[in-house]
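# Close look at the chain arrangement
Each chain is listed here by its residues.
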Amino acid sequence: HCIVKLKDRAVAKKLERWQRIADSAMKQSGRSWRCEVLQPATVQKAVELYGAGADVIVADEAESEEHAPGTVPGRAHLGLVGPEGAFSDREKEWLEQNGARRLSLGPFRLRAETAAITLAATLNQGRTHG
């Protein structure tokens, strides 16, 4: 695990870039809902800031048995992707105690940015079929 410290200006530029990529993918695929890219945060801070009223879904290693969560139309989802090397055991325990659901992204280890894309696609699939 590592902690990346970016200056506020660098974070803002990265967020703008990531949001443009997400918006472009949404338009290209003809989707009607926007995946909002949020600032990197600790697990607890992310859930505190963005998790109120949302289903919290954690991209997990293959140990999770859930592969496609049911989604509720009109309900927000907060998708959490851990750092390279996965969430710590303490973070996983805290998330479980606070109602987060784990979601397997398959048997392969993914880079953090690839996991985020895969998680968004998986949640989108649940929206179109749920």
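Residues numbered from 1 in each chain as written. Predicted model: local features only at pLDDT ≥ 70, side-chain atom pairs only at ≥ 80, totals over all residues. Heavy atoms only, no water.

With respect to the helices and strands, V47 occurs in helix α2 (residues 43-50). On the accessibility criterion, V47 (16% relative accessible area) is buried. It is 9.8 Å that separates the C-alpha atoms of V47 and G79, two residues lying 32 residues apart in sequence. (Helix = DSSP H or I, 4+ residues; strand = E, 2+ residues; numbered from the N terminus. Buried < 20%, exposed > 50% of the residue type's maximum accessible area, 1.4 Å probe, protein only.)

Attention shifts here to the nonpolar core. Core analysis: the largest hydrophobic core is formed by eleven residues, namely V43, A46, V47, A54, V56, V58, L78, L80, F87, L95 and A100. Elements with a minimum of two residues in this core: α2, β1 (55-60) and β2 (77-80). Counting residues per element, this core draws most heavily on α2, at three residues. Dropping the residues within four chain positions of it, L95 is found in contact with V43, V47, V58, L80 and A100. (Core = buried A, V, L, I, M, F, W, Y, C linked by side-chain atoms within 4.5 Å. Contact = heavy atoms within 4.5 Å.)

Those residues of helix α3 (residues 89-97) that sit buried are E91, K92 and L95. Looking straight down α3, one finds its buried side chains confined to an arc of 100 degrees; they lie on one side. Exposed side of α3, more than 90 degrees from the buried face: D89, R90, E96 and Q97 are the residues found there. Residues of α3 that are buried make contact with α2, β1 and β2. (Arc of directions from axis to C-beta.)

This next bit is on the pattern of salt bridges. This model, assessed by the stated rule, comprises two salt bridges. Across the pair D23 and R34 runs a salt bridge whose closest N-O atoms are separated by 2.9 Å. You can see D23 sitting in helix α1 (residues 8-29) and its partner R34 sitting in the loop between α1 and α2, a full eleven residues away along the chain. With a relative accessible area of 46%, R34 lands in the partly exposed category. Across the pair K45 and E48 runs a salt bridge, and its minimum N-O distance is 3.7 Å. (Salt bridge = Lys/Arg side-chain N within 4 Å of Asp/Glu carboxyl O.)

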